[in-house]
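Spelled out from the first residue to the last, the chains are:
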Amino acid sequence: MARIPLLAGNWKMHKTVPEAVELVAGLRERLDKLTGVEIAVCPPATALGAVSAALEGSAIALGAQDVFWEKQGAFTGLISPLMLVDIGCRFVVIGHSERRGRFGQADPTYTGDMRRVFGDTDDSVNRKALAAVAHGLTPIICAGETIEERGRGETDAVIEIQVRLALRGFTSDQVGRLVFAYEPVWAIGTGEICEPEEANRVIGRLRQTIREIGGERAADAVRIQYGGSVSEKNAAEVMSQPEIDGALVGGASLKADQFGELVRAAAQAAAARSGK
Ligand code: PGA
């Protein structure tokens, strides 16, 4: 099955509303007519409404960076899947390593106070993903190992556990419609990309885990992105790997020129890969 690559920009905590609208205008100019790939932008929550309006009539989709699992209620500061749908989101990033703890505990490898503030667990990732799907959103579920885990040779085991726990309670059909992002923690925002062959290998293993859980059809349909220091310079190499169905991009998604070039390079490599 030909899976359509998804290139998604995770803007993290960047862009005021005017800056966000300007970036979207630049992206539309460069990418609105591009075919063969799907494109999404995930602005901070404060810019979702303005970006949604600025994307009117564009094939570029809107995504959020996180979601809570309840529909509504006394949850100060949180945003529900219903609200994301209401504002025009199609995607939502869930379980990014910048928000995750590990196995129900704060991840000791994170520095500073961040780990006490956030601390998504495999359980909360699962709840968020189920709630997102129940409301018609497509979750982009992130999984990745730390440098210590890689050093101990635990990469495949860590990814497998994260994926298995994220998928509790999903039907095979639902699994096939999800998006995963393999994001080695040590490659995020560091400029140190995971070797594309190695990313391809890990993603192949991730797909095998999905095959065991959801069956052949789900494994064939599910899209698995790579994320971590993807730029316009390495996007083609990443996308020429057979298992990699796109990229989740942080830093290089913040400038229209750069993300435009990145997406075009990825689209070209994807077309060459599929022999078009
Ligand atoms: P980066 O971030 O592209 O800046 O490495 C990727 C991500 O965190 O999704």
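Below, the structure is looked at part by part. Quick caveat, the model's predicted, so the values are computed rather than measured. (Residues numbered from 1 in each chain as written. Predicted model: local features only at pLDDT ≥ 70, side-chain atom pairs only at ≥ 80, totals over all residues. Heavy atoms only, no water.)

**Some remarks on the site of the ligand**
- Among the 13 residues in the neighbourhood of the ligand, the closest are listed as Lys12, His96, Glu183, Gly189 and Ser229.
- Lys12 places a side-chain nitrogen or oxygen 2.7 Å from an oxygen atom of the ligand.
- Ser229 is positioned such that a nitrogen or oxygen atom in its backbone is 2.7 Å from an oxygen atom of the ligand.
- When the ligand is considered free in solution it has 280 Å² of accessible area, and contact with the protein chains removes 95% of it.
- Residue composition of the shell around the ligand, grouped by class: 4 nonpolar, 7 polar and 2 charged. (Near = heavy atom within 4 Å. Polar contact = N/O pair within 3.5 Å; in protein donor to acceptor, adjacent residues only side chain to side chain. Areas by Shrake-Rupley, 256 points an atom, 1.4 Å probe, with all protein chains shown as cover. Nonpolar A, V, L, I, M, F, W, Y, C, P; charged D, E, K, R; others polar.)

**A look at the side chain of Asp66**
- Here Asp66 lies in the loop between strand E3 (61-64) and helix H3 (81-86).
- For Asp66, the side chain forms a polar contact with the side chain of Arg99, separated by 3.0 Å.
- Side-chain polar atoms of Asp66 contact the side chain of Lys128, separated by 3.0 Å. (Helix = DSSP H or I, 4+ residues; strand = E, 2+ residues; numbered from the N terminus.)

**So, the environment of Ala53**
- Within the secondary structure layout, Ala53 lies in helix H2 (residues 48-54).
- Accessibility expressed as a relative area gives 52% for Ala53, which makes it exposed.
- Along the primary structure Ala53 and Ala181 are separated by 128 residues, whereas in three dimensions their C-alpha atoms are 27 Å apart. (Buried < 20%, exposed > 50% of the residue type's maximum accessible area, 1.4 Å probe, protein only.)

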